[in-house]
Amino acid sequence: QVQLAESGGGLVQAGGSLRLSCVASESTFSRYTMAWFRQAPGKEREFVSVISFVGGGTYYADSVKDRFTISRDNAKNTLYLQMNNLKPEDTAVYYCAARLGASVVGPYSYEYWGQGTQVTVSA
């Protein structure tokens, strides 16, 4: 069973940066497509970014494109999300997720989830 653990969230002012990390529990991490989602209070869980198991294919939601960068280190079983030029509307709980197969943006397609890490961006 794959277990995921996010870290790196916190409080930051608008325009600042944070780097989120997600550590997976097993050595087959490199075979999984990995993604980031986020959920703000009272809102639906939304897609942020995804990276293929190879690591060369990435995709971003329009709301974060050119500000966020997703990457992975398969040797460390770790997924990253570098977030730059943060905005108050980025405030949410951020979740990492994993699935076997192709990259998709729908949250229901992902088999494994972390517990989330809070990101708060102040004006």
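As shown above, the structure is provided for reference.
Worth saying up front: this structure is predicted, and the values here are computed from it rather than measured. (Residues numbered from 1 in each chain as written. Predicted model: local features only at pLDDT ≥ 70, side-chain atom pairs only at ≥ 80, totals over all residues. Heavy atoms only, no water.)

Draft legend 1. The arrangement of the nonpolar core in detail. One finds Leu4, Met34, Trp36, Leu79, Leu81, Met83 and Tyr94 to be the most contacted residues of the largest nonpolar core, which totals 36 residues. Among the secondary structure elements, those contributing two or more residues to this core are strand 3 (18-24), strand 4 (32-39), strand 5 (46-51), strand 7 (68-73), strand 8 (78-83), strand 9 (92-100) and strand 11 (117-122). For Met34, the residues in contact, after removing those within four places along its chain, are Leu4, Cys22, Phe29, Ser49, Val50, Ile51, Ile70, Arg72, Leu79, Ala97 and Ala98. (Core = buried A, V, L, I, M, F, W, Y, C linked by side-chain atoms within 4.5 Å. Buried < 20%, exposed > 50% of the residue type's maximum accessible area, 1.4 Å probe, protein only. Helix = DSSP H or I, 4+ residues; strand = E, 2+ residues; numbered from the N terminus. Contact = heavy atoms within 4.5 Å.)

Draft legend 2. Structural context of the environment of Ser49. Within the fold, Ser49 resides in strand 5. With residues up to four places along the chain from it excluded, the contact list for Ser49 reads Met34, Ala35, Trp36, Tyr59, Tyr60, Ile70 and Leu81. At 3.0 Å, the side chain of Ser49 and the backbone oxygen of Tyr59 are in polar contact. (Polar contact = N/O pair within 3.5 Å; in protein donor to acceptor, adjacent residues only side chain to side chain.)

Draft legend 3. Just the packing of aromatic side chains, in detail. Per the stated rule, a full pass over the model turns up seven aromatic pairs. An angle of 75° between the planes, with centres 6.1 Å apart, marks the rings of Tyr32 and Tyr112 as edge-to-face. One end of the pair, Tyr32, is in strand 4; the other, Tyr112, is in strand 10 (residues 112-113), with 80 residues separating them in the sequence. The exposure class of Tyr112 is buried, given its relative accessible area of 18%. Taken together, Phe37, Phe47, Tyr59, Tyr95, Tyr110 and Trp113 form an aromatic cluster joined through their ring pairs. One residue, Arg72, lies across the ring of Phe29, its end atom 4.5 Å from the ring centre. The positively charged end of Arg99 is found above the aromatic ring belonging to Tyr110, 5.9 Å away from the centroid. (Phe/Tyr/Trp six-rings, centres within 6.5 Å; stacked < 30°, edge-to-face > 60°. Lys NZ or Arg CZ within 6 Å of the ring centre and 35° of its normal.)

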